[in-house]
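# Remarks on the overall topology
Listed below, chain by chain, are the residues.
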Amino acid sequence: MKRFLPALLVILAQVACSDKPPAAFQGYAEGEFVLVAAPFGGRLEKRYVNRGEEVAAGAPLFALEQENEKAARQEALERVRNAEAKLANIAAGRRKPEIEAVQAQEAQVAAARTLSENQLRQQKALYEKGFLSQAGMDTARSNYDRDIARVAEMEAQIRLARLAIGRDKEIAAAQADVDAARAVLAQSDWRLQQRAVAATAKSLVHDTLYSEGEYVNAGSPVVSLLPPGNLKMRFFVPETAVGALKVGQQVHAACDGCGAPIAAKISYISRQAEFTPPVLYSREQRAKLVFLVEARPAPADAAKLKPGQPLDVSLR
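What comes next is a walk through the structure. Keep in mind that this is a model prediction, so the values were computed, not measured. (Residues numbered from 1 in each chain as written. Predicted model: local features only at pLDDT ≥ 70, side-chain atom pairs only at ≥ 80, totals over all residues. Heavy atoms only, no water.)

Okay, the overall build of the protein next. The helix and strand tally for the protein stands at seven helices and 14 strands. Within the protein, the fraction of its 316 residues that count as buried is 32%. Just so you have it, the protein exposes about 19900 Å², and 54% of that area is on carbon and sulfur atoms. (Helix = DSSP H or I, 4+ residues; strand = E, 2+ residues; numbered from the N terminus. Buried < 20%, exposed > 50% of the residue type's maximum accessible area, 1.4 Å probe, protein only. Areas by Shrake-Rupley, 256 points an atom, 1.4 Å probe, with all protein chains shown as cover.)

Sheet architecture is closed into a barrel: six strands sit in the order β1-β10-β13-β12-β11-β14, paired in antiparallel fashion. On average, each strand axis in the sheet is tilted by 45° relative to the strand beside it, whichever way the strands run. Where strand β11 (residues 250-254) meets strand β14 (residues 310-314), three bridges bridge the pair, whose relative direction is antiparallel. Paired with Ala254 across the two strands is Asp312, which belongs to β14. (Pairing = 2+ DSSP bridges. Axes fitted to C-alpha atoms, helices over the stretch in contact; angles between N-to-C directions.)

With 26 residues, helix α5 (residues 168-193) ought to run about 38 Å at 1.5 Å a step, and its terminal C-alpha atoms sit 37 Å apart, in line with that. Residues Ala174, Val178, Ala181, Leu185, Ser188 and Leu192 constitute the buried set of α5. Each element contacted by the buried residues of α5 is listed here: α2 (67-92) and β6 (196-198). (Expected span 1.5 Å × (residues − 1). Contact = heavy atoms within 4.5 Å.)

Glancing now at the pattern of salt bridges. Where charged atoms from two side chains of opposite charge come close, those side chains can pair. Applying the stated rule across the entire model yields 19 salt bridges. Two residues, Lys232 and Glu30, come together in a salt bridge whose shortest N-O distance is 3.6 Å. Highlighted residues: Lys232 in strand β10 (residues 231-238) and Glu30 in strand β1 (residues 24-31), separated in sequence by 202 residues. The exposure class assigned to Lys232 is buried, which follows from its relative accessible area of 6%. For the salt bridge of Glu32 with Lys232, the shortest nitrogen-to-oxygen distance reads 3.0 Å. Residue Glu32 is located in the loop between β1 and β2 (34-37), and its partner Lys232 is located in strand β10; the two are separated by 200 residues in the primary sequence. (Salt bridge = Lys/Arg side-chain N within 4 Å of Asp/Glu carboxyl O.)

In structure tokens, the structure reads:
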């Protein structure tokens, strides 16, 4: 027994060590791509970027044909100008030449009233002396009353021309027309802006899906972008090691050509076990149950990774 004891201890030590988690876990880099599309369809008029280029935030990516939207916006703009002019005209009352014309008409009817007043006085004298019939007297009085009414009417028109009093409902209706026209113009501006799409963040152009001149359906991606913050590490750990991990914990990843290890923080730990994915199959691990873990590096370090790149992730 003394002769076999050292060999037995070696075998037990090997068995115990085989249950320990490995120093590094297999994984790979994955990118969350941003598929950029326009909400409307049309011919691709211009594509400003190519695959592999880096673009800054706000840089133009592509533009669809815009002739129809430009014409619609111009029509909406003219409708706004017309509605605003009508509102200003109603709110300001009549212009000075119009008021002067009404005043001239008032002078005419005032002269006619004076004339009819004199005629009535003469006809009344003749009627009292018996030289005028009752019908002639009634006609003279009727003409005088008519001219008095005309003078009152013209005076009222002059007051109305100088002021906008009594036009509250008319002004409110004109203001509503202006608001509606402006809303249509805003909608036209939005539709026109959607025909030219820009990058929302600094990104790498991962792929271009259409060429200039091709017809793009509404909602179809034209450019695929990869912002640095959208790169993450995915690695798989066995059940014996997953219990020691927590979100926010720091890990380090090594890869071919990366130089120094890349630091990252765990952002997700799966609660469900799965078999080792085919991308990581090996003769030793293909039948093992593992847990998916994701970690995100800083944007500056993420730029060193490429989607699909194999990684060896360590917890130390």
